[in-house]
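Residues per chain are reported as follows:
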Amino acid sequence: MSVLKLEKVSYHYANSKAKRNIIQDKTYKFDFGKLYGIVGKSGAGKTTLLSLLAGLTKPTEGKIIYNSKNLNKINSFDYRAQNCGVIFQQFNLLPQLTALENVMLAMDVSGKKYDQSKNKLAKNILRSVELPEIYDNKKILQLSGGEQQRVACARALAIKPDIILADEPTGNLDSETQNDIINIFDKLAHKENKCVIIVTHSQEVAKRLDMIYELKK
Ligand SMILES: Nc1ncnc2c1ncn2[C@@H]1O[C@H](COP(=O)(O)OP(=O)(O)OP(=O)(O)O)[C@@H](O)[C@H]1O
Ligand SMILES: [Mg+2]
């Protein structure tokens, strides 16, 4: 059974004059244990599609189904806090907090129970995305782009989500760091049985995907 489904979804921004559909009648399925890619040119609607899957915005037509429930009918804050980890194109980390605090805050917001102390668990998650310990207590703005990328991944993972959505998680990274990040997503899908959906422009990343959905302008 698909954990997440788009059923004949169309979407246009209410404030755009042309009211042209950015997403046009899409039926997509996403299963556990797979690594999916959303590809397409700049402006094709990739971030828009991710926002729909994250429950940040609602389809103008059609339905999004999460675990047999219409995403429209469930609390989208709870969905993002507990079930769906999102890694935004601009990370959206809290710059005044440290790497460790950003991860722990997500754990607090999720309201989930953890079997270890949150501090210890958050540190373990940061190690799992290969952020060296010396960065744990650094403020976000003191970290490089690639390091922030890892914190954003760790924050998404900290809530133990079913679904991970990532908007160009390897954009602006050197090929070695890109490889590290994609290995993390690969492991999440194929070893931990999560549903992982990433937007990417990279040919290298595309080779590692189980399935690709292409958006056209
Ligand atoms: N808030 C908004 N209001 C109106 N139009 C928007 C809004 N956000 C995006 N758009 C328009 O919707 C289209 C799709 O944008 P989107 O950000 O989904 O593209 P994208 O595929 O993610 O592009 P990129 O690869 O550059 O990140 C673009 O033409 C964009 O200008
Ligand atoms: Mg985008």
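So, how was this worked out
The numbers attached to residues start from 1 for each chain and follow its sequence in the written order. Each chain takes a letter, starting from A, and each ligand takes a number, starting from 1, following the order in which they are written. The model is predicted, so local features are restricted to residues of pLDDT at least 70 and side-chain atom pairs to those at 80 or more, both for listing and for counting; the totals for chains, interfaces and linings are taken over all residues. The basis for the side-chain values is all heavy atoms of the structure; hydrogens and waters are excluded. We call a residue near a given molecule or strand whenever any one of its heavy atoms falls within 4 Å of it. N or O atoms within 3.5 Å of each other form a polar contact, as long as, within protein, one can give a hydrogen and the other can take it, and as long as residues adjacent in sequence are counted only when both atoms are side-chain atoms. Each residue is assigned to one of three groups, with Ala, Val, Leu, Ile, Met, Phe, Trp, Tyr, Cys and Pro labelled nonpolar, Asp, Glu, Lys and Arg labelled charged, and all others, Gly among them, labelled polar. Only one rule defines a salt bridge in this text: a Lys or Arg side-chain nitrogen within 4 Å of an Asp or Glu carboxyl oxygen. Secondary structure counts use DSSP, requiring at least four H or I residues in a row for a helix and at least two E residues in a row for a strand, with both numbered from the N terminus. Accessibility here uses a 1.4 Å probe with only protein chains present; expressed as a share of the type maximum, an area under 20% marks a residue as buried, one over 50% as exposed, and anything in between as partly exposed. Here the axes come from fitting lines to C-alpha atoms, over the contacting stretch only for helices, and the angles between their N-to-C directions go from 0 to 180 degrees. With the far helix as reference, a near helix turned anticlockwise by less than a right angle produces a left-handed crossing, and one turned clockwise produces a right-handed crossing. Here, residues are in contact when the closest pair of their heavy atoms is within 4.5 Å. Strand pairing is assigned whenever DSSP detects at least two bridges linking the two strands. Only residues whose relative accessible area exceeds 30% and that take part in no salt bridge are eligible for patches, with like-charged residues grouped when within 9 Å of each other and nonpolar side chains (Val, Leu, Ile, Met, Phe, Trp, Tyr) grouped when within 5 Å. Where accessible areas are quoted, they stem from the Shrake-Rupley method and a 1.4 Å probe; at the residue level, only the protein chains shown are allowed to cover. In this tally Asp and Glu are treated as negative and Lys and Arg as positive; neither His nor the chain ends contributes. Lys charges are placed at NZ, Arg charges at CZ, Asp charges at CG and Glu charges at CD. Distances decide who is a donor: an N, O or S atom must be within 2.8 Å of the metal, or within 3.2 Å for Na, K and Ca. Water is not included, so sites may look incomplete. Stacked, tilted and edge-to-face are the three classes applied to pairs of Phe, Tyr and Trp rings, where Trp contributes its six-membered ring and a pair requires centres within 6.5 Å; stacked means planes under 30 degrees apart, edge-to-face means over 60, and tilted covers the rest.

Trainee: Tell me about the site of ligand 1, and please be specific about residues and values.
Mentor: Around ligand 1, 15 residues are found, and the nearest of them are Ser42, Gly43, Lys46, Thr47 and Thr48. Within the side chain of Arg20, a nitrogen or oxygen atom sits 3.2 Å from an oxygen atom of ligand 1. Per-class residue counts for the shell around ligand 1 are three nonpolar, eight polar and four charged.

Trainee: Tell me what's going on with the pattern of salt bridges, and back it up with residues and numbers.
Mentor: Summed over the entire model, instances satisfying the criterion amount to eight salt bridges. Residue Asp136 is joined to Lys123 by a salt bridge in which the shortest nitrogen-to-oxygen separation is 3.3 Å. Of this pair, Asp136 sits in the loop between α4 (118-128) and α5 (145-158) while Lys123 sits in helix α4, and the two are 13 residues apart along the sequence. Overall, Lys123 belongs to the partly exposed group, its relative accessible area being 21%. A cluster of three or more residues bridged by salt bridges with shared partners is formed by Lys123, Arg127, Glu133 and Asp136.

Trainee: Which residues make up the packing of helix α3 (residues 99-110) against α4, and what values go with them?
Mentor: Relative to each other, α3 and α4 sit at 120°, their axes nearing to 9 Å. α3 and α4 meet at a crossing whose hand is right-handed. Residues Ala99, Leu100, Val103, Met104, Met107 and Asp108 of α3 lie in contact with α4, whose contacting residues are Lys118, Asn119, Leu121, Ala122, Lys123, Ile125 and Leu126.

Trainee: Describe the sheet that holds strand β7 (residues 163-167), with residues and values.
Mentor: Spatially, β6-β7-β8-β3-β9 is the arrangement adopted by the five strands of the open sheet, whose pairing is parallel. Taken across any chain shown, the strands that pair with only one partner, and hence form the sheet edges, are β6 (84-87) and β9 (211-214). The sheet shows a mean angle of 15° between the axes of neighbouring strands, taken without regard to direction. Bridge count for strand β3 (residues 34-39) against strand β8 (residues 195-199) is five bridges, and the pairing is parallel. By the bridge assignment for β8, Lys34 is matched with Cys195. Its contacts with the sheet place helix α1 (residues 46-53) against β3, β6, β7 and β8, and it is angled at close to 155° to β7.

Trainee: Explain a positive patch on the surface to me, using residue names and the numbers behind them.
Mentor: Taken together, Arg20, Lys41, Lys216 and Lys217 make up a surface patch of like positive charges. Position of Lys216 among the secondary structure elements: in the segment after β9. When its relative accessible area of 61% is taken as the criterion, Lys216 is described as exposed.

Trainee: Just give me the short version of the coordination of the magnesium ion (ligand 2), but keep the residues and values in it.
Mentor: Protein coordination of the magnesium ion (ligand 2) is provided by Thr47 (OG1) and Gln89 (OE1), with donor distances spanning 2.0 to 2.7 Å. Of this pair, Thr47 sits in helix α1 while Gln89 is found in the loop between β6 and α3, placing the two residues 42 residues apart along the sequence. A relative accessible area of 36% means that Gln89 is categorised as partly exposed.

Trainee: Now, about the packing of aromatic side chains: what can you tell me, with residues and values included?
Mentor: Tallying each qualifying case throughout the model produces seven aromatic pairs. Consider the rings of Tyr28 and Phe30, whose centres lie 6.4 Å apart with planes at 90°: the pair is edge-to-face. Accessibility expressed as a relative area gives 0% for Phe30, which makes it buried. When the centroid spacing of 3.9 Å and the interplanar angle of 15° are considered together, the rings of Tyr28 and Tyr213 count as stacked. Of the two residues, Tyr28 is situated in strand β2 (residues 23-30) and Tyr213 in strand β9; the sequence distance between them amounts to 185 residues.

So, to be careful, I would describe these as geometric facts and stop short of saying anything about function.
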